[in-house]
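A look at the structure
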Amino acid sequence: MAKIIVVTSGKGGVGKTTTSASFATGLAERGKKTVVVDFDVGLRNLDLIMGCERRVVYDIINVIHDGVRLSQALIRDKDYENLYILPASQTRDKDALTDEGVARVMEELSREFDYIICDSPAGIERGAILAMYHADEAIIVTNPEVSSVRDSDRIIGMLNSKTKKSEQGLGQVRARLCITRFDPHRAEKEEMLSVDDISKEILKVPTIGIIPESASVLTASNHGVPVIRDRNSPAGMAYEDMVARFMGEDRPYRFVDIPKKGWWARLFGV
């Protein structure tokens, strides 16, 4: 039986789809049969970041409404035979997602995969609720800014009340934070929230990933490659660390402290 993980956020543009793509790729690299499902009906960006936009023939709405078999809509990744993408529709409305249809898709995927990653649209509308409804666990993506963190708090409330687990009295969805675009220099200057501000003081949710501000994220997205595959970039290394922590490994957090200057730099003030 698959484990269902929703990647969600209260605010758009925080790196949620980037996180979904890298997280799913990292699981596949570890030998887990993984599918990542795009719930952002009407926009659809996951296929771009995964580099399969030209291979989309059918989507999740076709499966729910048009009699298309799930196997026809699934796209296998070019490089990982155990990684699949179920794209969203670009032309249909989010109301085309139905409770019964999503439940049927999740049930069918659960029989075939180890992990189902649900890439949720931002906010609290219907698509986001359906993306989180069947989840066992959640990764909440937030930037270190007040508005993003405040919106994440609303998402935590929804995870505690709007999921199948909560409705059936089976406990709460396990939630963890992925803080993106973090810059320790700006955090020290109090130009952005610190990790402790976000995780311990405001949201009170444990952190699983801290992704540094990195130009490699945009470069990877533009090339249709999840940034986790760029092991020379801080962002790629940070996402790989996040997957390792999810799998139970003890990984220290990198890129969260200001590097100490050597004696030469201190001597010459550089």
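Read on for an overview of the structure.

The rules we used
- Residues numbered from 1 in each chain as written.
- Predicted model: local features only at pLDDT ≥ 70, side-chain atom pairs only at ≥ 80, totals over all residues.
- Heavy atoms only, no water.
- Pairing = 2+ DSSP bridges.
- Helix = DSSP H or I, 4+ residues; strand = E, 2+ residues; numbered from the N terminus.
- Contact = heavy atoms within 4.5 Å.
- Axes fitted to C-alpha atoms, helices over the stretch in contact; angles between N-to-C directions.
- Salt bridge = Lys/Arg side-chain N within 4 Å of Asp/Glu carboxyl O.
- Core = buried A, V, L, I, M, F, W, Y, C linked by side-chain atoms within 4.5 Å.
- Buried < 20%, exposed > 50% of the residue type's maximum accessible area, 1.4 Å probe, protein only.
- Phe/Tyr/Trp six-rings, centres within 6.5 Å; stacked < 30°, edge-to-face > 60°.
- Lys NZ or Arg CZ within 6 Å of the ring centre and 35° of its normal.

The mixed open sheet is built from eight strands, whose spatial order is 3-4-2-5-1-6-7-8. The sheet is open, and its two edges are formed by strand 3 (75-76) and strand 8 (207-212), each paired on a single side. Of the pairings in the sheet, the one linking strand 7 (residues 174-182) to strand 8 comprises four bridges and is parallel in character. The partner of isoleucine 179 across the bridge, within strand 8, is isoleucine 210. Contacts from helix 10 (residues 195-202) reach strand 6 (137-142), strand 7 and strand 8 within the one sheet, and its direction differs from that of strand 7 by about 160°.

Our focus in this paragraph is the pattern of salt bridges. Counted under the stated rule, the structure contains 19 salt bridges. A salt bridge links arginine 231 to glutamate 29; the shortest N-O distance between them is 2.8 Å. Placement of arginine 231 in the loop between helix 11 (215-222) and helix 12 (234-246) and of glutamate 29 in helix 1 (residues 16-29) is noted, with a sequence separation of 202 residues between them. Salt bridges sharing common partners tie together Arg30, Glu240, Asp241, Glu249, Arg251 and Arg254.

Time to look at the nonpolar core. Within the largest apolar cluster, 52 residues are counted, with the highest numbers of intra-cluster contacts made by Val37, Leu97, Met106, Leu109, Ile116 and Leu159. No other element matches the five residues that helix 7 (residues 146-159) contributes to this core. Setting aside its immediate chain neighbours within four residues, leucine 109 contacts Val35, Val37, Leu70, Leu74 and Ile116.

Once that is clear, we can look at the packing of aromatic side chains. What the rule picks out here adds up to three aromatic pairs. Note on phenylalanine 23 and phenylalanine 246: the rings are 5.1 Å apart at their centroids and 85° apart in plane angle, and the pair reads as edge-to-face. Taken together, the residues phenylalanine 23 in helix 1 and phenylalanine 246 in helix 12 connect sequence positions 223 residues apart. Ring pairing ties together the aromatic residues Phe23, Tyr115 and Phe246, which thus form one cluster. Just above the ring of phenylalanine 113 sits the side chain of lysine 33; from NZ or CZ to the centre is 5.1 Å. Over the ring of tyrosine 253 we find arginine 245, and its NZ or CZ is 3.6 Å from the ring centre.

By the criterion of burial, strand 5 (residues 115-119) is predominantly enclosed, with five of the five residues buried. Of the two faces of strand 5, both are covered, the one formed by Tyr115, Ile117 and Asp119 as well as the one formed by Ile116 and Cys118. Bridge analysis of strand 1 (residues 3-8) against strand 5 gives five bridges, and the strand direction is parallel. Note that in strand 5 the partner of valine 6 across the bridge is cysteine 118. Examined bridge by bridge, strand 2 (residues 34-38) and strand 5 share five bridges and lie parallel to one another. Following the sheet pairing, valine 35 is matched in strand 5 by isoleucine 116.

Tracing the chain through its elements places lysine 165 in helix 8 (residues 164-167). Sequence-wise, lysine 165 and tyrosine 133 are 32 residues apart; in three dimensions their C-alpha atoms are separated by 8.0 Å. Residues contacting lysine 165, with those up to four places away along its chain left out, are Ala135, Asp136, Leu170, Gly171, Gln172 and Val173.

Our next topic: the environment of histidine 134. Residue placement: histidine 134 occurs in the loop between helix 6 (126-133) and strand 6. Residues histidine 134 and valine 256, 122 residues apart in the sequence, show an inter-C-alpha distance of 33 Å. Residues in contact with histidine 134, not counting those within four places in the same chain, are Ile4, Val102, Ala103, Met106 and Lys164.

Here arginine 181, not a glycine, exhibits a phi torsion of approximately 60°, which is positive. Looking at the element boundaries, arginine 181 is found in strand 7. Positive phi is not limited to glycine here, since glutamate 190 has a value of about 60°. Checked against the element boundaries, glutamate 190 lands in the loop between helix 9 (184-188) and helix 10. Residue glutamate 190 is classed as exposed on the basis of its relative accessible area, which comes to 72%.

Here we take up the pairing of strand 1. Among the six residues in strand 1, five count as buried, and that is most of the element. The pairing of strand 1 with strand 6 spans four bridges and is classified as parallel. The residue of strand 6 that forms the bridge with valine 7 is isoleucine 139.

The values reported here are purely geometric and, on their own, carry no functional implication.
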